[in-house]
Amino acid sequence: MTTTPAPADLTALTVGQELARTRHELTRDTLVRYAGASGDFNPIHYNDAVAAEAGLPGVIAHGMLTMGTAITGLLDAIADPTAVRAYTTRFTHPIPVPATGFVTLEVVAVVGALDAEAGTARVDLTAEVDGTKVLGRARATLSLPDAA
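Read on for an overview of the structure. For clarity, every value in this text was computed on a predicted model and none was experimentally measured. (Residues numbered from 1 in each chain as written. Predicted model: local features only at pLDDT ≥ 70, side-chain atom pairs only at ≥ 80, totals over all residues. Heavy atoms only, no water.)

This part takes up unusual backbone geometry. Positive phi, close to 60°, is recorded for A79, a residue that is not glycine. With respect to the helices and strands, the residue A79 is situated in the loop between helix 4 (72-78) and strand 2 (84-91). A79 sits in the partly exposed class, given a relative accessible area of 49%. Even without being glycine, D130 reaches a positive phi, approximately 50°. Structurally, D130 is set in the loop between strand 4 (120-129) and strand 5 (132-133). (Helix = DSSP H or I, 4+ residues; strand = E, 2+ residues; numbered from the N terminus. Buried < 20%, exposed > 50% of the residue type's maximum accessible area, 1.4 Å probe, protein only.)

Turning our eyes to something else, we now look at the pattern of salt bridges. If you walk through the whole model with that rule in mind, you get six salt bridges. Here R33 makes a salt bridge to D29, at a shortest N to O gap of 2.7 Å. With R33 and D29 both in helix 1 (residues 28-38) and four residues apart, the pair spans about one turn of that helix. Residues D124 and R122 are paired through a salt bridge, measuring 2.8 Å at the closest nitrogen-oxygen approach. A residue is classified by how much of its surface remains accessible, and R122, at 26% relative accessible area, is partly exposed. Look at the salt bridges and you will find they share partners, linking R122, D124 and R139 into a network. (Salt bridge = Lys/Arg side-chain N within 4 Å of Asp/Glu carboxyl O.)

Here it is in structure tokens:
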């Protein structure tokens, strides 16, 4: 039986608090589905020869797929996606996706700062594949509920 943890209490966050720790398997099928949904049919995301010609280690995951996938654990943890006011990142390393099997994107979301005056929390996301950071300065700004 799988249990879903209770949503994080956004009125009681502390700096350093881990909000989410997730693992996401990315496959070539994931890339095909994302390409269809997004309309991004750049061949570096499905053709090994084109990816190699571009100097890449092979077919790579879409950057926006990686960014979107990375925040899903945080969204589940807060249970209110409308609390996210901003989300930014830098793409630091491509994610090669093997022709068969999968690659695992591991993400940890930790409260990095609280701004009581602004009523916001900055959440820092660390996204890695095989110990290599694939996103840099990945940050989400959450709007905190008014204290009652």
